[in-house]
Amino acid sequence: MQKILIVDDEESILTLLQFNLEQGGFKVTEAMDGKQALEKAMKEEFDLIILDLMLPEMDGLEVCKALRQNKILTPILMLTAKDDEFDKVLGLELGADDYLTKPFSPREVVARVRAILRRSHQPAEKPEAERKTTKVTIGDVEVFPENYEVFLRGEALELTPKEFELLVYLTNNKGRVLTRDQLLNAVWNYEFVGDTRIVDVHISHLREKIEPNTKKPVYIKTIRGLGYKLETPVNNE
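The rules behind the values
- Residues numbered from 1 in each chain as written.
- Predicted model: local features only at pLDDT ≥ 70, side-chain atom pairs only at ≥ 80, totals over all residues.
- Heavy atoms only, no water.
- UniProt positions renumbered as here; feature names shortened; annotations may be inferred.
- Buried < 20%, exposed > 50% of the residue type's maximum accessible area, 1.4 Å probe, protein only.
- Helix = DSSP H or I, 4+ residues; strand = E, 2+ residues; numbered from the N terminus.
- Pairing = 2+ DSSP bridges.
- Core = buried A, V, L, I, M, F, W, Y, C linked by side-chain atoms within 4.5 Å.
- Domains from an automatic or database assignment.
- Contact = heavy atoms within 4.5 Å.
- Axes fitted to C-alpha atoms, helices over the stretch in contact; angles between N-to-C directions.

Note on the protein chain: under the UniProt heading Subcellular location (unreviewed entry), the record states "Cytoplasm".

Trainee: Just give me the short version of the pairing of strand 8 (residues 149–152), but keep the residues and values in it.
Mentor: In strand 8, alternate side chains face the same way, and those of E149 and F151 on one face and V150 and L152 on the other are all buried. The sheet contact formed by strand 7 (residues 141–144) and strand 8 spans 4 bridges and is antiparallel. Note that in strand 8 the partner of V141 across the bridge is L152. Linkage of strand 7 to strand 8, two consecutive antiparallel strands, is achieved through a turn of 4 residues, within which Y148 is found at a positive phi near 60°. Where strand 8 lies against strand 9 (residues 155–156), 2 bridges are found, and the strand directions are antiparallel. Note that in strand 9 the partner of L152 across the bridge is E155.

Trainee: Any details on the nonpolar core? Residues and values, ideally.
Mentor: Note that soluble globular proteins tend to have their nonpolar side chains buried in a common cluster. L51, L170 and I220 are the most contacted members of the largest nonpolar core, which has 50 residues in total. The biggest single contributor to this core is helix 8 (residues 197–210), with 6 residues. A domain-level breakdown of this core finds at least three residues from each of domain 1 (3–121) and domain 2 (136–230). Those residues in contact with L51 that sit more than four places away from it in its chain are V7, G60, V63, C64, I76, L77, M78 and L79. Counting residues in hydrophobic clusters, the runner-up holds 19 residues, among them L21, V28, V110 and I116.

Trainee: Tell me what's going on with the sheet that holds strand 6 (residues 136–138), and back it up with residues and numbers.
Mentor: With respect to topology, 4 strands assemble into an open sheet ordered 6-7-8-9, the strand pairing being antiparallel. Looking at the sheet topology across the chains shown, the edges are occupied by strand 6 and strand 9. Here helix 6 (residues 161–172) sits on the sheet in contact with strand 6, strand 7 and strand 8, set at roughly 105° to strand 7.

Trainee: So what's going on with the environment of Y148? Which residues, and what values?
Mentor: Along the chain, Y148 turns up in the loop between strand 7 and strand 8. Residue class for Y148 comes out buried when judged on its relative accessible area of 18%.

Trainee: Explain the UniProt feature "modified residue: 4-aspartylphosphate" (unreviewed entry) in the protein chain to me, and be specific about the residues and the numbers.
Mentor: Mapped onto the present numbering, the UniProt feature "modified residue: 4-aspartylphosphate" (unreviewed entry) falls on D52. Counting through the fold element by element, D52 comes out in strand 3 (residues 48–52). D52 sits in the buried class, given a relative accessible area of 3%. Beyond its immediate stretch of four places on either side in the chain, D52 contacts V7, D8, D9, G60, L79, T80 and K102.

Trainee: Before we move on, could you go through unusual backbone geometry and cite the residues and values that matter?
Mentor: The omega angle of the peptide bond from K102 to P103 is 0°, so this bond is cis rather than trans. Inspection of the secondary structure puts P103 in the loop between strand 5 (98–101) and helix 5 (106–120). Despite not being glycine, K71 has its phi angle at roughly 65°, a positive value. With a relative accessible area of 55%, K71 lands in the exposed category. The backbone of R153 sits at a positive phi, close to 50°, despite the residue not being glycine.

Rendered as structure tokens:
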């Protein structure tokens, strides 16, 4: 049974989400403030965290940032009552995987949770002798899709589930120009109402982790007016 941590300071929302998620077959743990949420997420392993933006003690952005700084890569679905695009993008930049704006339907939340878990599911650990048999090499980057591993010049990289999935999709389409809408539909697997900024944020995160110079990327190229393309750096071809 997959475990979900719900963090919201409104008891009615907690009750509504808990009921619908438990009906959907999930095990639910609750927290009503940011500090409590961080403590629970640090002590216990969850499959996904539903995190409200406006919280007492610590707000959702602070919690999200703290979790990522502590190398906790659990997928985060951020909830916000604000219609402020800045907060949504900032949440993604701090490591959230997705967001929903209140008010929302419980059915929509459950569907979004299932989509995130389905796309971020990690394969079971294999015996050492069977590991790293499938490898994609692009320059100094080595990607092992089946083992959920990425190495840069032999050093393991820590990617969030969505960063990893985005990188795998780019490597599978090496040399092809991919529009933001293509990446959105392929990686997030549902309509995002044309909001492709989530793609730009995750591309930026990937560049920070694999590019020698993010201002002059040699792996993930921006194709002006179209989208992005993954290439092997010239000196590695």
